[in-house]
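Report on the structure
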Amino acid sequence: MASRRISLGMPTPRRTDETATTLPDTSDRPDTPTLTDRFGRAASDLRLSLTDFCNLRCTYCMPASGMTFLKKDQLLSVDEVVRLVRIGVERLGIEQVRFTGGEPLTRPDLEQIIAGVAALEPRPDISLTTNAIGLDHRAAPLREAGLDRINVSLDSVVSETFERLSRRPLLHRVLAGIDGARQAGLDPIKVNAVLLPGVNDHELPDLLDWCLDRDLQLRVIEQMPLDADHIWDRGSMITAGNIHSMLAPRCVLTPVAEARDGAPAELFEVEDRATGRHRGRVGIIASVTRPFCADCRRTRLTAEGRVRTCLFSREETDLRGALRSGADDEAIASIWRAAQWGKKAGHGMDREDFVQPERPMSAIGG
């Protein structure tokens, strides 16, 4: 793809990994303020990582020894986060903001960030992906600050399995966090679960029962090639097809009637096979075997302020440098638009030349 440098009176945004230090050629980009790409998609959903640090060490995300985490001055400050979201909302068409990590609850200023974003006009929908450790004490202040809803990462409700996956004996704290979120009135509460073969896959029917009994919405996620150890194996992963087969003896799954509308999860009504009773819904996020790239509406910012147009991208564009060098809002928006214009048609996992990103999930933001 042809590329050129753009002159906006500031340093050229830096990209990482194996990419050039230039933005894509935008000469054929339509004159629109939105985050449009060359395949006709417009991003309205911002996933913004607040930190790469996490207090768990999940095997599919982070090595047991941890990682070299960003220093405080490398992270976006409260004002920088709010400013970037404001630019996204006012100038780029962002309607939804999801804060991720690492673990965003490890930021003591999370309430300030959410309050700042909730004060924007128009106000975006604000959600949080968290492991819920410490949420029991912070759910009410976060909701008061403006948090609308949460997704809790929880792969097992069996203590031994949880510890094997997360390398930490902290299931009780996660469950306390979920209870705190419910008491604070956060709704809906979604549960994100990754299944690993021979580890927790056999627990899926019971995990779904556990969620449905508590009015929690389970989202089962195919393991993606975003592990720090780079040992992901497509041939042994639990697929969407496997998930249906595991649930079939106990449940009848029927696709929901409403349109998916760009959401990553394919939703199904859950009917108890033995009694015929409707019990709720379950979602399956099949990024690997049933990719939804053609309707992707997401743009991503890492904790140090770099645009990633896809979870599996090996290209990043620096916005923090522009922020800290005095660029005005429109200049930053222009860089962001140019970066999004270069979004690829899909993640390319079916291609023989697919290369896993260097960054693991904790360093990207989910």
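Rules of the game
Residues numbered from 1 in each chain as written. Predicted model: local features only at pLDDT ≥ 70, side-chain atom pairs only at ≥ 80, totals over all residues. Heavy atoms only, no water. Helix = DSSP H or I, 4+ residues; strand = E, 2+ residues; numbered from the N terminus. Buried < 20%, exposed > 50% of the residue type's maximum accessible area, 1.4 Å probe, protein only. Contact = heavy atoms within 4.5 Å. Areas by Shrake-Rupley, 256 points an atom, 1.4 Å probe, with all protein chains shown as cover. Pairing = 2+ DSSP bridges. Axes fitted to C-alpha atoms, helices over the stretch in contact; angles between N-to-C directions. Phe/Tyr/Trp six-rings, centres within 6.5 Å; stacked < 30°, edge-to-face > 60°. Arc of directions from axis to C-beta. pLDDT = per-residue confidence, 0-100.

To continue, consider the overall build of the chain. Counting its secondary structure elements, the chain contains ten helices and 16 strands. Counting only residues that meet the buried cut, the chain has 57% of its 366 residues in that class. Intrachain contacts of the chain at a sequence separation of at least 6 include 72% that bridge at least 24 residues. A total of about 15,500 Å² of accessible surface is found on the chain, and carbon and sulfur atoms cover 49% of it.

The twelve strands lie next to each other as S11-S12-S13-S10-S9-S8-S7-S6-S5-S14-S15-S16, forming an open sheet whose pairing is mixed. Strands at the two margins of the open sheet, each flanked by one partner only, are strand S11 (251-255) and strand S16 (317-318). For strand S14 (residues 298-301) and strand S15 (residues 306-308), the ladder comprises two bridges, and the chain directions are antiparallel. Paired with Arg300 across the two strands is Arg308, which belongs to S15. Most of the contacts of helix H1 (residues 78-91) go to strand S5 (residues 45-49), to which it runs at about 165°, and overall it touches S5, strand S6 (96-100) and S14.

Before going further, it helps to spend a moment on the environment of Gly93. Positionally, Gly93 belongs in the loop between H1 and S6. When sequence neighbours within four positions are dropped, the list of residues in contact with Gly93 reads Ala43, Ser44 and Gly88.

Okay, helix H6 (residues 204-213) next. At 3.6 residues per turn, the α-helix brings residues three or four places apart onto the same side. Within H6, eight of the ten residues are buried, which leaves it mostly tucked inside the rest of the structure. Of the residues making up H6, those classed as buried are Leu204, Pro205, Leu207, Leu208, Asp209, Trp210, Cys211 and Leu212. Looking one or two residues past H6, Asp215 carries a phi angle of roughly 60°, positive in sign.

Right, let's talk about the packing of aromatic side chains for a bit. Summed over all chains, the structure comprises one aromatic pair. For the ring pair Phe53 and Phe69, a centre distance of 5.0 Å and an interplane angle of 75° mean the geometry is edge-to-face. Highlighted residues: Phe53 in the loop between S5 and H1 and Phe69 in the loop between S5 and H1, separated in sequence by 16 residues. What makes Phe53 partly exposed here is its relative accessible area of 32%. Overall, Phe69 belongs to the partly exposed group, its relative accessible area being 22%.

Another point: helix H3 (residues 135-145). Those residues of H3 lying buried are Leu135, Arg138, Ala139, Leu142 and Ala145. Viewed along the axis of H3, the buried residues span an arc of 130°, placing them on a single side of the element. Of the residues in H3, the exposed ones pointing more than 90 degrees away from the buried face are His137 and Glu144. On the buried face of H3, the contacting elements are helix H2 (110-118), strand S7 (125-130), strand S8 (149-153) and helix H5 (171-183). Gly146 sits one or two positions beyond H3 and adopts a positive phi of about 135°.

In this section: the confidence of the model for the chain. The pLDDT averaged across the chain works out to 88; a share of 86% of its residues lies at or above 70. Per-residue pLDDT stays below 50 along residues 1-21; that stretch engages in 53 contacts with residues further than four places along the chain or on separate chains.

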